[in-house]
Amino acid sequence: MDKLLTVVIPSYNVEKFLNQTLDSFVCDEAVMKKFEVIVVDDGSKDNCGIRNAVGKYFKVVDGDDWVNTADFVKLVEDLEKTESEYVFTNYYEYYDDVNRQKAVDFPQFKDGTEYDFADVANKVYIPMHALVIKTSVLKDNNIVIDEKCFYVDVEYVMFPVPFVNKVTFFDLHVYMYRLALSTQSVSILGFQKHINDHLRVTFHMFDFYRDYISSDKADSAKADYMRTCIADLIITQSAIYSS
């Protein structure tokens, strides 16, 4: 692979934000040569990006979000120092309605330190916004994300778990996660509109978990982590039905 990182940007219905997203990746030319950005139609989500990725690592940035350019540059440079299957960082939540950002930090982990997966999994759940995945994990294990479906971020987080042994943390704030837009699929209105997609992903997660725990390679720490992923989906499902 001739790049350190592939960034995939799902772009469906986010035209008004896409320029900001893409501009946030503009940096020193020498650094830009180390990563690629692939913009895809949201219907194909990550699969198109996975098939075409040439980066050593793989990250998804939604088309209505963006990156903190300074820390993104540091992340690209830091990826040269690790071989972990998972890499994660801090990130920001940006509240669009009040123009305010809040840091989401992982203070229990040391910068640049590699951990066994179990030592991370029993402390935190790593959301998509914090996560970078080794591309070979996705390609070599034929990991496929649901297409033409919302709420597949949790699949992106969970499906590689059986193949993750090491996790490295970098004390950076890379991802800028935009919240408080009524048009977002993660708003209550969005959940209600796309409830069938949410159910579809939830059932696929159950199937994946059931198959994993019945295999001879099942690991208790990884199984517990998957249950956390599924529990988060169920809590959201309850919020949809009660709203």
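What counts and what doesn't
Residue positions within a chain follow its written sequence, with the count starting from 1. Local features in this predicted model are restricted to residues whose pLDDT is 70 or higher, and side-chain atom pairs enter the listing and the counts only when it is 80 or higher, whereas totals over whole chains, interfaces and linings include all residues. Computation of side-chain values: all heavy atoms of the structure, hydrogens and water removed. Segments assigned H or I by DSSP are reported as helices when at least four residues long, segments assigned E as strands when at least two residues long, and all are numbered from the N terminus. Each residue's exposure class comes from its accessible area (1.4 Å probe, protein chains only) as a fraction of the maximum for that residue type: buried when under 20%, exposed when over 50%, partly exposed otherwise. Taking the helix axis as origin, the arc is that swept by the directions to the C-beta atoms. Contacts between residues were defined by any pair of non-hydrogen atoms, one from each residue, lying within 4.5 Å. When DSSP finds two or more bridges between a pair of strands, those strands are recorded as paired. By convention, a stacked pair of Phe, Tyr or Trp rings (six-membered ring in the case of Trp) has centres within 6.5 Å and planes under 30 degrees apart, an edge-to-face pair has planes over 60 apart, and any other such pair is tilted.

Trainee: Mind laying out the environment of Gly55, listing which residues take part and the relevant values?
Mentor: One can find Gly55 in strand E3 (residues 55-60). Considered as a pair, Gly55 and Lys3 are 52 residues apart in the sequence and their alpha carbons are 4.4 Å apart.

Trainee: Requested: an account of helix H1 (residues 15-23), with residues and values cited.
Mentor: Phe17, Leu18 and Thr21 are the residues of H1 that are buried. For H1, the arc enclosing every buried residue in end-on projection is 115°, short of the 170-degree limit, so these residues lie on one face. Turned more than 90 degrees from where H1 packs its buried face, Lys16, Asn19 and Asp23 sit exposed. Looking at the buried positions of H1, the neighbouring elements they touch are strand E1 (3-10), strand E2 (35-40), strand E4 (66-67) and strand E9 (166-179).

Trainee: Lay out the pairing of strand E5 (residues 86-95) in plain terms, naming residues and giving numbers.
Mentor: In terms of residue burial, E5 counts as a mostly covered element, since 9 of its 10 residues are buried. Of the strand pairs in this sheet, E5 and strand E8 (residues 131-134) are connected by 3 bridges, and their pairing is antiparallel. The residue bridging Phe88 from the neighbouring strand is Leu131, located in E8. Here E5 runs beside E9; their pairing, made up of 10 bridges, is parallel. Residue pairing for E9: Tyr91 is matched across the bridge by Tyr175.

Trainee: Residue-level account of the pairing of E9, with values.
Mentor: Summarising burial for E9: 12 of the 14 residues are buried, a large majority. The pairing of E4 with E9 spans 2 bridges and is classified as antiparallel. If you follow Val67 over to E9, its bridge partner there is Tyr175.

Trainee: Could you give an account of the packing of aromatic side chains, naming the residues involved and the relevant values?
Mentor: In total, this model carries 15 aromatic pairs according to the counting rule given. Taking 6.2 Å as the distance between ring centres and 50° as the angle between the ring planes, the aromatic pair formed by Phe58 and Tyr156 counts as tilted. Note that Phe58 is positioned in strand E3 and Tyr156 in helix H7 (residues 153-158), a separation of 98 residues in sequence. For Phe58, a relative accessible area of 0% translates into the label buried. Judged by relative accessible area, which is 2%, Tyr156 ranks as buried. An angle of 80° between the planes, with centres 5.3 Å apart, marks the rings of Phe88 and Phe106 as edge-to-face. With Phe88 in strand E5 and Phe106 in the loop between strand E6 (100-104) and strand E7 (113-116), this residue pair connects regions lying 18 residues apart in the sequence. One aromatic cluster in this structure is built from Phe88, Phe106, Phe109, Tyr115 and Phe169.

Functional significance is not addressed by these values, which are geometric in nature.
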